[in-house]
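Chains, contacts and geometry: an overview
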Amino acid sequence: MTDPDYQRITVRDLLQGLLPDAVSVAVWGLDTTDVELEAEEREAIRRAVPKRVDEFARGRATARFALAQMGWAPVAIPVGGHRQPVWPDGVVGTITHTGDVVAAAVARASDVSCLGIDVESGVALPPGTDGLILTSAEQTDPAPVHGLVRFSAKESIHKAVFPCTGVWLDPLDVEIGLEGTRFEAQPVHQRADAQEADALLGDLEGRWTAVAGCVVSVAWAGATGA
Ligand SMILES: CC(C)(COP(=O)(O)OP(=O)(O)OC[C@H]1O[C@@H](n2cnc3c(N)ncnc32)[C@H](O)[C@@H]1OP(=O)(O)O)[C@@H](O)C(=O)NCCC(=O)NCCS
């Protein structure tokens, strides 16, 4: 059993270490314990079960704390049509929650053009899910943790790529190459509707690490000219 605060501190340190300095990171339970929602956020989540409301509220509060660290006044972060958080103008950001960990990362769009983070509890993919998440080439990697790393990397990539391009990539659309704590993503096939996303994949920086019973991954692209 991992102590929640130990895991939170570890995740915050890892995210800060993996991401560029221009990114502000916050973790619920350490940086804030707020769960207040803005009116339009409450409306967006009004039909959800209490556990989901809790997770959503922690994510919004944590994101507001990350924004405050950059000097941003408290602001609502609405929910987009594909569940993506809608950030204030001039900001890119991303939220993740798993188990006891809720984290958010934000940056000025003048420094970072797109940003995704993901934390997954565990050390391997659930049995029977490999074929839904990993391409056949990825499945030949024998290290169990690499399956979960690739899953997390794909979630980080989705969170970075979708808000920037409006392109919805599925896990089997992308192949993840791992080298040390870096990862890179290649499109598996040429989807006519995914050209913008495929081009962005080539600009993304990817990093991951696994510790304290979880996998942490981040993906970002620097702003042009930053
Ligand atoms: C959305 C998704 C990426 C992660 O959701 P999850 O399993 O609940 O995992 P997390 O807790 O880490 O992340 C959830 C957060 O991601 C963010 N998110 C959800 N949809 C998003 C989108 N389309 N774009 C950007 N961020 C999104 C939200 O902030 C959400 O939290 P919130 O609803 O409380 O605001 C995943 O469920 C999904 O839809 N995957 C399919 C697409 C995919 O993974 N493709 C791989 C491409 S390589």
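Quick note: structure is the one above.
Residues numbered from 1 in each chain as written. Predicted model: local features only at pLDDT ≥ 70, side-chain atom pairs only at ≥ 80, totals over all residues. Heavy atoms only, no water.

**Comments concerning the site of the ligand**
Around the ligand, the structure places 22 residues, and the nearest of them are Arg-52, Arg-60, Thr-96, Lys-159 and Leu-169. Within the contact set of the ligand, a nitrogen atom lies 3.0 Å away from a backbone nitrogen or oxygen of His-82. Relative to its free-state accessible area of 920 Å², the ligand is covered by the protein chains to the extent of 88%. Contributing elements (two or more residues each) for the shell around the ligand: α3 (50-69), β2 (91-98) and α6 (144-165). (Near = heavy atom within 4 Å. Polar contact = N/O pair within 3.5 Å; in protein donor to acceptor, adjacent residues only side chain to side chain. Areas by Shrake-Rupley, 256 points an atom, 1.4 Å probe, with all protein chains shown as cover. Helix = DSSP H or I, 4+ residues; strand = E, 2+ residues; numbered from the N terminus.)

**A look at the sheet that holds strand β5 (residues 174-179)**
Here five strands make up an open sheet; going across it, the order is β4-β8-β7-β6-β5 and the pairing antiparallel. The open sheet has two edge strands, β4 (112-121) and β5, and neither has a second partner. For this sheet the average axis-to-axis angle between neighbouring strands, irrespective of direction, equals 25°. As paired strands, strand β6 (residues 182-187) and strand β7 (residues 205-211) are joined by two bridges and run antiparallel to one another. Paired with Arg-182 across the bridge in β7 is Arg-207. Strand contacts of helix α1 (residues 4-18): β4, β7 and β8 (214-222), with the helix running at about 25° to β8, the strand carrying the most contacts. (Pairing = 2+ DSSP bridges. Axes fitted to C-alpha atoms, helices over the stretch in contact; angles between N-to-C directions. Contact = heavy atoms within 4.5 Å.)

**Focus: the side chain of Asp-173**
Inspection of the secondary structure puts Asp-173 in the loop between α6 and β5. For Asp-173, a relative accessible area of 10% gives the class buried. If we ignore the near neighbours within four places in the chain, the residues touching Asp-173 are Trp-168, Gln-186, Pro-187, Val-188, His-189 and Arg-191. (Buried < 20%, exposed > 50% of the residue type's maximum accessible area, 1.4 Å probe, protein only.)

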